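Summary of structural features
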There are 2 protein chains.
Amino acid sequence: MKKILTAIHRISTSPSYIFRFTTSHQHNPAAKTLIPLSHFCFSRSFLGSLPNLISRATMDAKEASPATDLKRPREEDEINGAAAASMETENSVPAANGDQTKEPACFSSVIPGWFSEMSPMWPGEAHSLKVEKILFQGKSDYQDVIVFQSATYGKVLVLDGVIQLTERDECAYQEMITHLPLCSIPNPKKVLVIGGGDGGVLREVARHASVEHIDMCEIDKMVVDVSKQFFPNVAIGYEDPRVNLVIGDGVAFLKNAAEGSYDAVIVDSSDPIGPAKELFEKPFFQSVARALRPGGVVCTQAESLWLHMDIIEDIVSNCREIFKGSVNYAWTSVPTYPSGVIGFMLCSTEGPDVDFKHPVNPIDESSSKSNGPLKFYNAEIHSAAFCLPSFAKKVIESKAN
Amino acid sequence: MKKILTAIHRISTSPSYIFRFTTSHQHNPAAKTLIPLSHFCFSRSFLGSLPNLISRATMDAKEASPATDLKRPREEDEINGAAAASMETENSVPAANGDQTKEPACFSSVIPGWFSEMSPMWPGEAHSLKVEKILFQGKSDYQDVIVFQSATYGKVLVLDGVIQLTERDECAYQEMITHLPLCSIPNPKKVLVIGGGDGGVLREVARHASVEHIDMCEIDKMVVDVSKQFFPNVAIGYEDPRVNLVIGDGVAFLKNAAEGSYDAVIVDSSDPIGPAKELFEKPFFQSVARALRPGGVVCTQAESLWLHMDIIEDIVSNCREIFKGSVNYAWTSVPTYPSGVIGFMLCSTEGPDVDFKHPVNPIDESSSKSNGPLKFYNAEIHSAAFCLPSFAKKVIESKAN
């Protein structure tokens, strides 16, 4: 179980809603039984009725040609009652690390020339972006990686069929997941980032002049390389000399970290359902708490109030047991995430009080000129992020206090 | 121009992003030239490549059958370079007012069995909801009206191809557009609602025990009737004895209103582009200001910060000229609106100061038991709604002050 847990700990950029539980892309029978869904969750009857829906992912939507290339779903997908729409792209780009794949990339395109995001984690709805051009497709040891130029959201990073960031709205997620914790404590010096392979969280951490050292543990080197190649304004975070990048498993990294060594930990984990649920339960949070100094803070991606109140309720309960300081839920607007919002759990360990709702550590804008001005975050929106709708407030406050 | 302006003033529920500029559904050559888009903005090449995409809207996606029934687009759609996907539904329901239409209903379904919302107002993206069953389709003098049962968002009201409300998230819009103004002034007594035909804003206004009279002017009786038939928990607002419903043009109603007669006006207008732009410009706001008492307040739907900052900038400038009290922008999360958010302009006339950011008039929950508890609004989220992301804050504050 441990091995699988380690492998599935797909730590990358922002919320990852679809899991891969294989330790590699070989067909591991033990792993198969754990896969809750395929990358592209079309039912067979749905796909069967739609041969024309699956078109060449690289085609220009302006010149939409009749669709082609419906391939056999992979075995692991069939076992789970879902079929993957596999397509070749003409503009396949080798991975920056030389891992050039000849395999057809999986690409979800229910509207020809568009990318559509569908998942059992948000059943009954789908968000679609118009694709101008596929810029990259690759398969790492952990996931399928796609970068495309969208018509109106800039370049888009997709992992296992789920949008991780778009150039148009990435500022909201990156700035909030970083500055909500770092602006809540005075003079953060040592910070750990789990995941965040695109470098955007690093870019934001680097705005804090007090920070002396940033450890970053990202499991998938391909995400790092792709971000440096296609998202220079995001990957700029890697250029900061305080960054120490480790390619590896964040769970193991945390367990080996010196006790009480970090002022802040920012966790960009996969979702808390299925086996990965453990990452949002006591053992995982215990190792985060152990790695934090007294009064240190953690911020972790924590789903959507509109979609996953049941999951959030459990996370809050678990955090309340582990973190003896404050336990808070915040949320913000990110248009390209499901339901248009994303939440964050913010907790502190026993020690100096942390009042997350009232930031004490403003960002010195002058110290981060090279990273450009903040686009989204400010002190007012920091406090506002903790104001919850009534339907969520009752549930969360009853668990957090 | 005046006549067209009156006709296009499609006042109904929540944001209406697609305009109809015909005064009736006859093919009026003069009107045709004004139509900026069809209901369903598929390019011809797009539709041409997708015969199988257009299926019977009523089919169950679980048993997706080969698609059928691609009809000729209507003339007015062709003129504008776009084709409408017209389909018959098997469960067509007569309009509650007896206006049973035999015409095929227009229904946007880029994924068979799903409703997809696409518009030039949010180019390059689309949000889709899975359809369980079409419950109603009709054509009023102003717009196409559809109600469907969605798989995961409850019943959905669609006007001219655009989602107006879903049972799952309507609370956010209705509660915020109502209580942001009404909780910002002491003892509102006389309130005017422009649009809001579903009755949800009435439901919320009725929670205020101080209110003695509610005028409501909705142009489209079909929206009122459909809401009463299919959305009883929304249309419950009509049951309040303080409500005076007028079916008619809100612009004319406002012009004829006695000067200084309302404490609050809530405007649920169509979008401020094209000819309807006038509704967000000086003359319209002047008639609102004229109808308000000194220190009275207006709240009007005001687009998405993520999508329409240029429009918002103009609205704020115009409001700043007309309203001599305070001028503020607020926003909230509504998952089924484009970009997942919707904004509101909140202004007050010269007179007693109104500090919208600090509500002075809490809702007496005990006085509105029949309408159920508030699901979204509370005093904290009221204040938080005025905290804007940095990219918007700079622009809006420079215009508002």
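- Under an unreviewed UniProt entry, the name given to chain A is spermidine synthase, and the organism recorded is Noccaea caerulescens.
- Per UniProt, chain A carries the Pathway (unreviewed entry) text "Amine and polyamine biosynthesis; spermidine biosynthesis; spermidine from putrescine: step 1/1."
- Under the heading Sequence similarities (unreviewed entry), UniProt records this for chain A: "Belongs to the spermidine/spermine synthase family."

**Remarks on the sheet that holds strand S12 (residues 292–301) of chain A**
Residue and element names in this part refer to chain A.
- The mixed open sheet is built from seven strands, whose spatial order is S10-S9-S8-S11-S12-S14-S13. Edge strands, defined here as strands with exactly one partner in the open sheet, are strand S10 (243–247) and strand S13 (327–333). Neighbour to neighbour, the strand axes of the sheet diverge by 15 degrees on average, direction disregarded.
- With five bridges joining them, S12 and strand S14 (residues 341–348) adopt antiparallel strand pairing. Paired with Gln301 across the strands is Phe344, a residue of S14.

**Remarks on the domain arrangement of chain A**
Residues and elements named next belong to chain A.
- Domain annotation of chain A identifies domain 1 (114–165) and domain 2 (169–397).
- Just the C-alpha atoms count here: the centres of domain 1 and domain 2 sit 23 Å apart.
- Applying the counting criterion to the domain 1 and domain 2 interface returns zero salt bridges.
- In this assembly, domain 1 and domain 2 are joined by five residue pairs in polar contact (both at pLDDT 80 or more).
- At the level of secondary structure, the elements contributing two or more residues to the side of domain 1 that touches domain 2 comprise strand S4 (125–139), strand S5 (144–150), strand S6 (155–159) and strand S7 (162–166).
- Examining the composition of the side of domain 1 that touches domain 2, we find that six residues originate from one element, S4, more than from any other.
- Residues that form the side of domain 1 that touches domain 2 fall into these classes: 13 nonpolar, five polar and four charged.

**Thoughts on unusual backbone geometry**
Residues and elements named next belong to chain B.
- In this model, Asp160 sits at a positive phi of 50 degrees, which is unusual for a non-glycine residue.
- Looking at Asp160, the relative accessible area reads 0%, which means it is buried.
- Here the phi dihedral of Glu303 falls at roughly 65 degrees; this positive angle occurs in a residue that is not glycine.
- Tracing the chain through its elements places Glu303 in the loop between strand S14 (292–301) and helix H11 (309–322).
- The class of Glu303 is buried, set by a relative accessible area of 0%.

Definitions and cut-offs
- Residue positions within a chain follow its written sequence, with the count starting from 1.
- Chains carry letters from A onward and ligands carry numbers from 1 onward, assigned in written order.
- In view of the model being predicted, local features appear only for residues whose pLDDT reaches at least 70, and side-chain atom pairs are presented and counted only at 80 or more, with totals across whole chains, interfaces and linings using the full set of residues.
- As a convention, hydrogens and water are excluded, and side-chain values are obtained from all of the structure's heavy atoms.
- UniProt positions are given in the numbering used here, feature names are shortened, and annotations may be inferred rather than shown by experiment.
- A pair of strands is treated as paired once DSSP finds two or more bridges between them.
- A helix here means a DSSP run of H or I that spans at least four residues, while a strand means a run of E at least two residues long, and both kinds are numbered starting from the N terminus.
- All axes are obtained by fitting lines to C-alpha atoms, using only the stretch in contact for helices, and the reported angles, taken between N-to-C directions, cover 0 to 180 degrees.
- These domain limits were set by an automatic method or by a database of domain assignments.
- The salt bridge definition used is simple: a Lys or Arg side-chain nitrogen within 4 Å of an Asp or Glu carboxyl oxygen.
- Polar contacts here mean pairs of N or O atoms no more than 3.5 Å apart (in protein, one a potential hydrogen donor and the other a potential acceptor; neighbouring residues in sequence count only if both atoms are side-chain atoms).
- Residues are grouped as follows: Ala, Val, Leu, Ile, Met, Phe, Trp, Tyr, Cys and Pro are nonpolar; Asp, Glu, Lys and Arg are charged; every other residue, Gly included, is polar.
- Exposure categories follow from relative accessible area, calculated using a 1.4 Å probe and restricted to protein chains: below 20% of the type maximum is buried, above 50% is exposed, and the middle band is partly exposed.

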